[in-house]
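# Fold and contact review
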Amino acid sequence: MKLATWNVNSLNVRLGHVIDWLQTNPVDALCLQELKLPDEKFPHEALQAIGYQACWAGQKTYNGVAIISKAEPMAVQRNIPGYDDPQQRIIAATLPDPQGRPVRVISAYCPNGQAVDSDKYAYKLDWFNALRHWLDQEIGAHPDLAILGDYNVAPADADVHDPAAWAGGILVSDPERAAFQKLLDLGLQDTFRLFDQPPKIFSWWDYRQMSFRRNAGVRIDHILTTPDLTARCTGCLVDKTPRGWEKPSDHAPVVAEFTPADRL
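Residues numbered from 1 in each chain as written. Predicted model: local features only at pLDDT ≥ 70, side-chain atom pairs only at ≥ 80, totals over all residues. Heavy atoms only, no water.

Attention shifts here to the overall build of the chain. Each helix and strand counted, the chain has seven helices and 14 strands in total. A compact globule built from 264 residues should have a C-alpha radius of gyration of about 18 Å, and the chain, at 17 Å, falls within 12% of that. Across its three principal axes, the chain shows a C-alpha extent of roughly 45 × 40 × 40 Å. Taken across its 264 residues, the chain has 55% of its residues classed as buried. Summarising the internal contacts of the chain: among those between residues at least 6 apart in sequence, 69% fall at separations of at least 24. Only carbon and sulfur atoms are counted for the fraction: they give 49% of the accessible area of the chain, which is about 11,600 Å². Between the mean site of the 26 positive side-chain charges and the mean site of the 33 negative ones, the chain shows a separation of 5 Å. (Helix = DSSP H or I, 4+ residues; strand = E, 2+ residues; numbered from the N terminus. Rg over C-alpha atoms; globule rule 2.2 N^0.38 Å. Buried < 20%, exposed > 50% of the residue type's maximum accessible area, 1.4 Å probe, protein only. Contact = heavy atoms within 4.5 Å. Areas by Shrake-Rupley, 256 points an atom, 1.4 Å probe, with all protein chains shown as cover. Lys, Arg positive; Asp, Glu negative; His and termini not counted. Charge placed at Lys NZ, Arg CZ, Asp CG, Glu CD.)

Here it is, written out as structure tokens:
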């Protein structure tokens, strides 16, 4: 089983990229963030044409999340229950793995926060708190759970191209990293860090100052899994290839692979 996440920074602009990538990288589920289109504009027919189903939570101009999957998504949940928020940042669905075992998959677009001490930063921390409480319930109900997405948090200095330049700023501040750690404290693990990785592997590069060419990026896109799935994870990587395409997203896909449960 392969699961992937990709902040596409406008699905309308990058639908062709998504289709091309899926045809070359046929994953079981691809979680998208920053759709930037309303529900009625979601291109489900184009995805069905290449063999994929989808569920989504759209929003005009901003935000928006989706799960594109080979199997029909079941028990779909849109947004964090009980958390009053007009921003579309969560979509969850239950999917069967290739052996028919149910896996709860969540696509998350966590708030950016804009700047430390801003109102948007306070919203980010509050949103993470609501996410943690809801995830605690979801994990109890779904032993096999993966939450994939753009977390807008670089968990450690190894995830930042220049830690000194970023120190104390947005994406790396202590409260943001603590909020991310509280998700891990639920029993989740960062699949990327299960394996030896080369240094300076990132998932986001600013469009400005030739950041991608200089590899001046940060790793803020993550795949977190519960213990049962973690035990089955055989690899996790960042696919930088689409970041080099014409008119790319500023993020690259992250992909994790899992062995079947009956092969443990």
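All right, on to the nonpolar core then. One finds Leu3, Ile67, Val105, Leu148 and Phe258 to be the most contacted residues of the largest nonpolar core, which totals 28 residues. Of all the elements in the fold, those that place two or more residues in this core are strand S2 (29–33), strand S3 (53–57), strand S4 (65–69), strand S6 (90–96), strand S7 (102–109), strand S8 (145–150), strand S13 (233–238) and strand S14 (254–258). In contact with Leu148, not counting residues within four places along its chain, are Leu3, Ala4, Thr5, Cys31, Gln33, Val105, Ile106, Ser107, Ala108, His222 and Ile223. Core analysis: the next-biggest nonpolar cluster, separate from the first, contains 24 residues, Cys110, Ala130, Ile139 and Val153 among them. (Core = buried A, V, L, I, M, F, W, Y, C linked by side-chain atoms within 4.5 Å.)

Burial analysis of strand S1 (residues 2–7) places five of its six residues in the buried class, which makes it a mostly covered element. Two strands pair when backbone bridges link them, and S1 and S14 are joined in this way by four bridges, in the antiparallel orientation. Residue pairing in the sheet places Ala4 in a bridge with Val255 of S14. Looking at chain direction, S1 and S2 are connected through five bridges and run parallel. Paired with Leu3 across the bridge in S2 is Ala29. For the crossover that starts at S1, traverses helix H1 (residues 11–24) and ends in the parallel S2, the hand is right-handed. (Pairing = 2+ DSSP bridges. Right-handed = clockwise from strand over helix to strand, strands pointing away.)

What follows covers the packing of helix H3 (residues 119–141) against helix H5 (residues 174–184). Viewed as axis vectors pointing N to C, H3 and H5 meet at an angle of 10°, and their least axial separation amounts to 9 Å. It follows that H3 is roughly parallel to H5 by the angle criterion. Touching Tyr121, Lys124, Leu125, Phe128, Leu131, Arg132 and Leu135 of H3 are Pro175, Glu176, Ala179, Lys182 and Leu183, all from H5. The residue inventory of the contact of H3 with H5, partitioned by class, reads eight nonpolar, no polar and four charged. (Axes fitted to C-alpha atoms, helices over the stretch in contact; angles between N-to-C directions. Parallel < 35°, antiparallel > 145°, perpendicular 65-115°, else oblique. Nonpolar A, V, L, I, M, F, W, Y, C, P; charged D, E, K, R; others polar.)

Next up on the list: the sheet that holds S1. One open sheet holds the six strands; their spatial order is S3-S4-S2-S1-S14-S13, and the pairing between them is mixed. At either margin of the open sheet sits one strand with a lone partner, and together these are S3 and S13. The average undirected angle you get between the axes of adjacent strands in this sheet is 10°.

With that settled, the discussion passes to unusual backbone geometry. Note on backbone geometry: most residues besides glycine have negative phi, and most peptide bonds are trans. Backbone geometry places Ala75, a non-glycine residue, at a positive phi of 50°. Among the secondary structure elements, Ala75 is positioned in strand S5 (residues 74–78). Accessibility expressed as a relative area gives 53% for Ala75, which makes it exposed. Within the chain, Lys247 stands out as a residue other than glycine whose phi angle is a positive 50°. The exposure class of Lys247 is exposed, given its relative accessible area of 62%.

So, on to the environment of Asp126. By secondary structure assignment, the location of Asp126 is in helix H3. Put simply, Asp126 and Ile80 are 46 residues apart on the chain and 12 Å apart in space, counted from C-alpha to C-alpha.

Further remarks concern the pattern of salt bridges. The full count for this structure, using the stated rule, is 13 salt bridges. The closest approach of N and O atoms between Arg78 and Asp39, which form a salt bridge, is 2.7 Å. With Arg78 in strand S5 and Asp39 in the loop between S2 and helix H2 (44–48), the pair connects residues that are 39 residues apart, well separated along the chain. We classify Arg78 as partly exposed; its relative accessible area is 34%. Judged by relative accessible area, which is 27%, Asp39 ranks as partly exposed. Asp206 is the partner of Arg208 in a salt bridge, and the nearest nitrogen-oxygen pair spans 2.7 Å. On the accessibility criterion, Arg208 (58% relative accessible area) is exposed. (Salt bridge = Lys/Arg side-chain N within 4 Å of Asp/Glu carboxyl O.)

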